[in-house]
Amino acid sequence: MTGAPSSPRLPLAGVRVLELGSYIAAPSAGRLLADFGAEVIKIERESGDELRNWRLYAGETSMLFRTINRNKKSMVLDLRTEEGRDDVRTLAGHCDVVLENFRPGTLEKWGLGPEELSRDNPELILVRISAFGQTGPYAERPGFAAVAEAYGGFRELVGDPDRPPVRTGVSIGDSIAGLYGAFGAVMALYEGLRRRDAAAEPLPVADRVVDVALHEAIFSMMESLIPDLGAYGVRRERTGGRMQGIAPSNAYVCGDGFSVVISGNADGIFGGYMRAIGRADLADDPGLADNDGRWYRRDEIDDAIGAWTGARTRDEVLAALDAAGVPAGPIYTAADIVADPQYSARNMIQEFDVDTGAAEPVRVGFPGVVPVLGGQSLPIRSLGPEIGEHTDEIRERFL
């Protein structure tokens, strides 16, 4: 795999993270920290993280693993052995943060709970990601993000109203939990710096634990789901491509078979939007002047828009709406994203030569680092490593 330009800006350089997680949630938190310069040591069993085999179409390591575990180092340890657990305790003494996503109680059973890991490191931060958190009646239940998305209220709102709930095409619950895990780690690191500047004692272990529950991470994204129920007795329902209570905002099929998303729901935009599609009667209708009226007549409005888009190509639709100042865009496939100049301008597709099991390495694009610093995505320093690629290096440095 080829590397990226040297000497990028790395705000988290000097931070060291021990990642005990697998699959997606904790490794997503580790990826975010690694993207901005943290040294992330990923512990894998000898057979490797199972993510190496998810969506594996060829070769020995999936592009999903290469993506989520980029910029990290891989070390093989067996946490089921006393030797492996001793090595983890020693490594924790050299790290600022430990990430884990085992079922609550697992680390404690292995003698690797917060007290033990903090034994030689009184400022160690522990980010713990689990299905339902470390406390409460559901704490010890197993659960992947799909279950958490259901508990968090998300699944109930995804899909069409006359069909069962569906899921999104990505592990959105894991990824949001990873964002919270990374945010919690940086927040705790910042608090530690302030306490050191004030010559204050390190926080007790319990206050250095960042407890992220998958279902709460999803729940936190549900906007006014609960307040709407309490204040108005409104139960949110699935609305397909629409957003509850907002109109017109939907996806529409164009005459050439492509689809677009158009968000013309703002009061100041709606009139120009309707004139752009040749419906001045709707633009001037006083009953449609505000969102409540438009939501009540959403089917009528959507039918008018759909008739207009269905008689034009995608490019014609987008050009007319752009001229009218109406927010709209094409529904992109992966190939569309790769070809788009906006992604390219901000270095959001970064290419590496990757072994896919073919005779020669394949040039593959990977998503860039978000958020952007200095006008462009930071370069990816390395893709997800081979199993145990850095074991010898880490042993030599710390063990």
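Structure: see above.
A brief report on the enclosed structure follows. If you're wondering where the values come from, they're calculated on a predicted model, not measured in any experiment.

**Considerations on the packing of helix 10 (residues 267–276) against helix 13 (residues 298–309)**
At step 1: Between helix 10 and helix 13, the least distance of the axes is 10 Å, while the angle of their chain directions is 45°. By the angle class used here, helix 10 and helix 13 are oblique. The segment helix 10 lies against helix 13, with F270, Y273, M274 and A276 engaging I301, I305 and W308.
At step 2: Here the contact of helix 10 with helix 13 is built from residues that sort into 7 nonpolar, no polar and no charged.

**Digging into helix 7 (residues 172–197)**
At step 1: Here helix 7 contains 26 residues, and its C-alpha end-to-end distance of 38 Å stays within 8% of the 38 Å for a straight helix at 1.5 Å per residue.
At step 2: Within the sequence span of helix 7, burial applies to G173, D174, I176, A177, G178, G181, A182, G184, A185, A188 and L189.
At step 3: A positive phi of about 55° marks A199, the residue just after helix 7.

**Considering unusual backbone geometry**
Where the residue is not glycine, phi is negative for most of them; where a peptide bond is considered, it is trans in most cases.
At step 1: In the segment running from A247 into P248, the intervening peptide bond is cis, with an omega of -5°.
At step 2: Tracing the backbone through its elements, the reader meets P248 in the loop between helix 9 (225–232) and strand 7 (249–253).
At step 3: V370 connects to P371 through a cis peptide bond whose omega is 0°.
At step 4: Looking at the secondary structure, you find P371 in the loop between strand 11 (362–367) and helix 17 (391–398).
At step 5: Within the chain, A199 stands out as a residue other than glycine whose phi angle is a positive 55°.
At step 6: Residue placement: A199 occurs in the loop between helix 7 and strand 6 (209–213).

**What about a nonpolar patch on the surface?**
At step 1: Together, Y180, F183, M187 and M221 make up an exposed nonpolar region whose accessible area comes to about 410 Å².
At step 2: Mapped onto the fold, M221 is located in the loop between helix 8 (214–219) and helix 9.
At step 3: M221 sits in the partly exposed class, given a relative accessible area of 42%.

**Regarding the packing of helix 1 (residues 25–35) against helix 7**
Between two packed helices, the angle of one axis relative to the other and the distance separating the axes together describe the packing.
At step 1: Where helix 1 meets helix 7, the axes come as close as 7 Å, and the angle between the chain directions of the two elements is 50°. Considering the angle they form, helix 1 stands oblique to helix 7. Once helix 1 is placed against helix 7, the crossing between them reads as right-handed. Contact residues: A25, S28, A29, L32 and L33 in helix 1; D174, S175, G178, L179, G181, A182, A185 and V186 in helix 7.

**Examining the side chain of T67**
At step 1: Relative to the helices and strands, T67 resides in helix 2 (residues 63–68).
At step 2: Apart from residues lying up to four places away in sequence, T67 is in contact with R31, F366 and P367.

**Re the packing of aromatic side chains**
At step 1: Counting across every chain of the model gives 7 aromatic pairs.
At step 2: For the ring pair Y23 and W54, a centre distance of 5.3 Å and an interplane angle of 40° mean the geometry is tilted. Here the residue Y23 occupies a position in the loop between strand 1 (16–19) and helix 1, and W54 occupies one in the loop between strand 2 (39–44) and helix 2, the gap between them amounting to 31 residues.
At step 3: Given the relative accessible area of 32%, W54 is considered partly exposed.

**Some words on the environment of V253**
At step 1: Considering the arrangement of structural elements, one finds V253 in strand 7.
At step 2: As for V253 and G368, which are separated by 115 residues in sequence, their C-alpha atoms are 30 Å apart.
At step 3: Once you skip the residues sitting within four places of it in the chain, V253 turns out to touch F258, S259, T309 and G310.

**Observations regarding the environment of V205**
At step 1: Topologically, V205 is positioned in the loop between helix 7 and strand 6.
At step 2: Between the alpha carbons of V205 and D392 there is a distance of 31 Å; along the sequence they are 187 residues apart.
At step 3: Excluding residues within four positions of it along the chain, V205 makes contact with P114, E115 and S118.

**A short note on the sheet that holds strand 8 (residues 259–263)**
At step 1: Read across the open sheet, the 3 strands follow the order 7-8-9; overall the sheet is antiparallel. Each edge of the open sheet carries a strand with a single partner, namely strand 7 and strand 9 (328–330). Pairwise comparison of adjacent strand axes, ignoring direction, gives a mean angle of 20° for this sheet.
At step 2: In the sheet, strand 8 pairs with strand 9 via 3 bridges, with the strands oriented antiparallel.

Criteria and thresholds
- Residues numbered from 1 in each chain as written.
- Predicted model: local features only at pLDDT ≥ 70, side-chain atom pairs only at ≥ 80, totals over all residues.
- Heavy atoms only, no water.
- Axes fitted to C-alpha atoms, helices over the stretch in contact; angles between N-to-C directions.
- Helix = DSSP H or I, 4+ residues; strand = E, 2+ residues; numbered from the N terminus.
- Parallel < 35°, antiparallel > 145°, perpendicular 65-115°, else oblique.
- Contact = heavy atoms within 4.5 Å.
- Nonpolar A, V, L, I, M, F, W, Y, C, P; charged D, E, K, R; others polar.
- Expected span 1.5 Å × (residues − 1).
- Buried < 20%, exposed > 50% of the residue type's maximum accessible area, 1.4 Å probe, protein only.
- Patch = residues over 30% accessible without salt bridge, like charges linked within 9 Å, V, L, I, M, F, W, Y side chains within 5 Å.
- Areas by Shrake-Rupley, 256 points an atom, 1.4 Å probe, with all protein chains shown as cover.
- Salt bridge = Lys/Arg side-chain N within 4 Å of Asp/Glu carboxyl O.
- Left-handed = near helix turned anticlockwise from the far one by under 90°.
- Phe/Tyr/Trp six-rings, centres within 6.5 Å; stacked < 30°, edge-to-face > 60°.
- Pairing = 2+ DSSP bridges.

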